[in-house]
Amino acid sequence: MSALAFVLNGREVEIGEAAAQTPLLDLIREQGLTGAKEGCAEGECGACAVLVVDADGRPGKSALRVVNSCLMLSALAAGREIYTVEALATNGVLSDAQRAMAGAGGSQCGYCTPGFVVSLFAEQHRPDRTGPCEDEALAGNLCRCTGYRPIHDAAAALGAAPDGPLLRRLERAAPVLHAVSVGGFSRPATVGECVALLAATLDARLVGGATDLGVERNLRAKTWPHLISVEAIDELQQFTSTPERVLIGAALPLREIGERWRDAPDAVHEWLTLFGSPPIRNRATLGGNLATASPVGDGAPLLMALDAVLHIAGPSGSRTLPIAQFFTGYRKTALMPGEMLTAIEIPKPLPQSVRFFKIAKRRADDISTVALGVSLDVDRGRVRRARWAFGGVAATPLRVVEAEAAVSGGPWNADAVARVQAVLDKTLRPVSDHRGSKEYRLEVSKSLVEKYYWELQS
Amino acid sequence: MAQQQNQNATLNVVGTRGPNIDAIARVTGTAKYTGDIELPGMLHARVLRSPHPHARIVGIDTSKAEALPGVKAVITYKDAPKLPIWGSRQFVMNDRVRFVGEGFAAVAATDLETADRALRLIQVQFEQLPFVMDPEEALKPGAPQLFPDGNLEGQARAVTRGSVEQGFKESDRVIERVYRCPTMWSGSMEPHAAIALWEGAKLTMWCSAQSPNRVHMNMTQQFDLSDANCRIISSYVGGGFGTKSAPHVDETIAALLAKKAGRPVKLQYTREEEILDSNTRFEVKMYMRVGVMKDMSIRALDVRAYINQGAYHSRLGGLGNHATHLYNITHLRTQQFRVHTNIANTGPTRGVGDPQECFGLDSVLDEIANEMGWDPMAFRLKNIKRNGDPVPRGQTGVEDGVLINQGAELCINQGAARLGWNRRNPTPGAGQSGPKARGIGMAVTERGGGAGLAGAEVKINLDGSVVMSFASTDIGTGSRTTLSMIASEVLGVPLSKFLTVAGDTEAAPYDGGSQGNRTLQSTGRAVEQAARDCLQQVFAAAAPLLKAMPAELEMRDSVVRVRGDAQRMMALSEVMSRRGRSIVGDGNVAGAQTGMNVERTPGAHFVEVEVDRETGKVRILKYVSAHDVGQPINLTIVENQLEGGTIQGLALTQAEEMRFDPRDGKCLNANFLDLKPPTMMDFDPRVIDIIAVDNKSAFGPFGAKGLGENPNHPGMAAVANAIYNATGVRLREVPFTRADVLQGLGQQRPAAQTARG
């Protein structure tokens, strides 16, 4: 197989350098496979969902991951094995997911249906699934007709995945991503190579899962002179947990963080779920989320509450930086030219109490109006350490140090809550936009502190 | 996936459950929507759109775009026909743009990227004009004028019965309130798409339309074609909800480009274009005054409504007919001002103003019931129209007809029982402790259906298989399936033998299309007629073969039998092969309802909510959606339609408002992320309870009623009424954001935000 090719429904497809930044969806549809469709080009609706064969926690085996093919730039598919809805029926016999969707009336106008079928198929074939198929697995697919109940019924009707070519495929390892170097696109295999590439190509842009980059490409017609994919760098995919710290590779997809950090506090698992829909979590990375430095990014508030330390590699070697010093302005970070995030370190012991709150209009797959990461250690009735870190209330994610000082050393009670709220009144400077007014953002920020207090009491 | 056994002894197919007959094509991805169709040599088009809400184009230079390799045609407003689009006042492209997103030039190129690049090479000089976005502002003297005849579309639509001033004088209590539904996105998963192919003088167009014949009429007018020289095909349509019910500019633009380039052209909107330019759900501001008597009767209702049509309308907006057709009101006046402003173009969405009217009317009725200390449900039952009550036959105040088969009371009673209305605490916000407050609310709706002309053709092939053609479309309502079930019932041929050709103006007789709750009743009657025509021809052919009279014959499971004689029978396939010629039956019908009798399709919604007083979050605990559905044709489809429509109505309570920047008229949320249509996680589908009230129609095939629009109506009012019952906070503007709820609570309790200790 050439360096820039992938396997689609068992058949090799050449990408070609000219199409490196073309959405994978377009390439798939050009093959005459029109089941996957463009519904939004922003990773919101899942009409373009396809399946990627990916590494699994089980050594030597693999799993099917749903991805939004509209956001996946074609070059990122190099060396991968991809299946579309057209591959799911074998010899004219519908797969369970298709039969269940048809039988329950889960398809009305049908435009979203191939995407739902793909998501449901992956959920049925999820290796670690023990209970019924979960609705959350379908949270990245929008349907305007059904109201979702028939789709829920279809999901609930599925048992264990029956024998079939794709189930048998998962008994073998996923393709190993090889290094790629073609005009305008590179996929280095080590951090050293990546740093060298960054130094050599000044106009290069790093890309992780492309869940943000793909939106820039599709909605703002952006293209890049040179993209460097970090997906083949093993070091960036690492995850280790020791008594001293948790170390998360900057390019580890969000889904895998949850799978590998099994004893993480509940707040971490909730945080990962609230981050985005399954197709987004299958691709998005913490490194990408932090480096884009969105003031409403969900990564920073919780990581700030956990006192995370960022590992950075660059032309002059490696360094570390506390996350509170990382954001220097609106969409600006402390990364110097040629530097890249390699890992996120979370020191242990973890705080006694940690919580993440996300206020958005929709329960899943939404951008925060306000987010709060909070942690608290109380010793003998006195607050030893508190962290209040907000998203959506300033030009950067914001750790409110004054609010920490306001409660430190004192008892954790209603007066302490009031003191924190008084500090927030003075320090938060939210702006008004279409997601919420500044007044609402301030009020809800204060309410969240109170909500946290009452949760701890009960 | 066999159709399950019917409960009704006399019917074999109608009333059963079962999957859609085209479900396999949809779940395997083989169903071809317009965007999936590829033609040899086909070009791809993009439209250049106005960045200004109101401007005159004083100069345009397309030469650089035309010179770009790969560009095969460039058109501007100068090339556009000088005719309004059928049924509206919009021209395809103009030298004056009236909303951000209005197209005024377009490019066809060998690929989309080239077309995009070409758009950037077109140089335009605008003379910006003052703009107005609010319908009331637009009617004031000195307001920017969109059209030579002003901003008001025609005359105010008025309905008057009795004297409202007299009625208010007589009333024991009168209240006046203002309600507003903003411009809301109402589009579907599939954006507008059109492919134009010219072969000589003949235009063939594939497009995503609810009414191919309306598109056909527009194309024949725009290009001066004979009916025969124009073919419109809308086979698989990825949803419509009204936004595709009228001809749209994209179709004409594709045809103009294809004509100029001499090659087929595909134009598919992006999501952003679809949101900005798809005739979305119009804003309505309603001033409502209602007067009641102590005996709970409604003495007078005065409604003044401002309908924000945006720059253009696909079909004229207005309110529904709830005030005239749902309640007995002694003195009634409604005035509706349809106003043009410089925001996105609008049109009907799952009812023409019904959800909006329902929000205003059912809110003000709830408000006055609460003020009077009445049970809101008892108040509605006191005033609701019942069988035999006088009712207008048209959209006037004159009650010249008689209401029949009215299911409103059935819906209210069954819905209330299912939710447990008797649990409702009559005092708003009473008996609540802690941060969570619960409350119960309701709303009632109605709509007509089955209007206009319809046609269908049924053909029996030599092997006994059936091809049914109709020019209305299946936009997700399951009409391919339900129409086939009607024909299957009539013919005695199993559904598995059916193939449907939907939405093809050449293959099928004229049909008004799929909108306004009409397909099942109107196309359904045409199908029934066509199937009966076929059956008579089958019997005529079989009679000599079976040595019987045609009147003695019947057909079941594709076998023609002599009634009462188990020995004499012949398979349909054998009858057909012996006949040696296929059988074609046709049906053409006019509007379903005739005479003095008037039939409506009502529904009632009941909801229990939980409001978080600290974050303002509203959660739906239980929702009952009870609808008069006539005779269900396919119960699975009925339930799914009702549920889907209900959830879509509920979505309006929390998001989907289109917001426009007052500084530059731009839409602030023209993407899915910011419009936030609900995902699977937003409304637990298990809390929605559907009641399909079987209340047979006198007009529809086998007593069926159309029901696609109604479940979309009552959500906003029912939830607002429940939030009031839970908290005492009255929300008069949708959507109901957490900020709105918190603000309402804050006004009740100034210290709401302080910590409790």
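These numbers were taken from a predicted model, which means no experiment stands behind them.

Draft legend 1. Structural detail: the overall build of chain B. Scanning chain B from N- to C-terminus turns up 19 helices and 31 strands. By the compact-globule yardstick of 27 Å for 757 residues, chain B fits well, its C-alpha radius of gyration being 27 Å. With the principal axes as the frame, chain B shows a C-alpha extent of 85 × 75 × 55 Å. Taking all 757 residues of chain B together, the buried fraction comes to 68%. Contacts in chain B between residues far apart in sequence, at least 24 positions, make up 80% of those at least 6 positions apart. One way to put it: in chain B the 83 positive side-chain charges average out to a point 1 Å from where the 81 negative ones average out.

Draft legend 2. Structural context of the domain arrangement of chain B. Residue and element names in this part refer to chain B. Along its sequence, chain B is organised into domain 1 (2–14 + 450–590), domain 2 (34–130 + 190–276) and domain 3 (385–446 + 600–756). Taking only C-alpha atoms, the centre of domain 2 and the centre of domain 3 are 37 Å apart. Taking both sides of the interface into account, the surface hidden between domain 2 and domain 3 amounts to around 720 Å²; carbon and sulfur atoms contribute 72%. Considering only the side of domain 2, the residues that lose the most area to domain 3 are V100, R271 and I275, jointly responsible for 55% of the buried surface there. The interface formed by domain 2 and domain 3 contains zero salt bridges. Applying the counting criterion to the domain 2 and domain 3 interface returns one residue pair in polar contact (both at pLDDT 80 or more). For the side of domain 2 that touches domain 3, the residue count by class is six nonpolar, no polar and two charged.

Draft legend 3. Spotlight on the interface of chain B and chain A. With 68 residues of chain B in contact, the opposing surface of chain A contributes 67 residues. When the two sides are added together, the surface that chain B and chain A hide from each other amounts to roughly 6,100 Å², 56% of it contributed by carbon and sulfur. The tally of links between chain B and chain A comes to seven salt bridges. Where chain B touches chain A, the interface holds 26 residue pairs in polar contact (both at pLDDT 80 or more).

Draft legend 4. Representation of the pattern of salt bridges within the structure. Across all of its chains, the model carries 94 salt bridges over all chains by this definition. Among the salt bridges present, the one from D377 of chain A reaches R385 of chain A, with a minimum N-O distance of 3.4 Å. Of the two residues examined, D377 of chain A and R385 of chain A, each falls in the buried class. A salt bridge links R730 of chain B to E367 of chain B; the nearest nitrogen and oxygen atoms lie 3.8 Å apart. Of this pair, R730 of chain B sits in the loop between helix 18 (715–727) and helix 19 (738–748) while E367 of chain B is found in helix 10 (residues 354–372), placing the two residues 363 residues apart along the sequence. Owing to a relative accessible area of 6%, E367 of chain B belongs among the buried residues under this scheme. Several salt bridges share partner residues, and in doing so they unite D54, D56, R58, K61, R65, E171, R255 and E259 of chain A into one network.

About the cut-offs
Residues numbered from 1 in each chain as written. Chains lettered and ligands numbered in written order. Predicted model: local features only at pLDDT ≥ 70, side-chain atom pairs only at ≥ 80, totals over all residues. Heavy atoms only, no water. Helix = DSSP H or I, 4+ residues; strand = E, 2+ residues; numbered from the N terminus. Rg over C-alpha atoms; globule rule 2.2 N^0.38 Å. Buried < 20%, exposed > 50% of the residue type's maximum accessible area, 1.4 Å probe, protein only. Contact = heavy atoms within 4.5 Å. Lys, Arg positive; Asp, Glu negative; His and termini not counted. Charge placed at Lys NZ, Arg CZ, Asp CG, Glu CD. Domains from an automatic or database assignment. Buried area = accessible area lost by both parts, 1.4 Å probe. Salt bridge = Lys/Arg side-chain N within 4 Å of Asp/Glu carboxyl O. Polar contact = N/O pair within 3.5 Å; in protein donor to acceptor, adjacent residues only side chain to side chain. Nonpolar A, V, L, I, M, F, W, Y, C, P; charged D, E, K, R; others polar.

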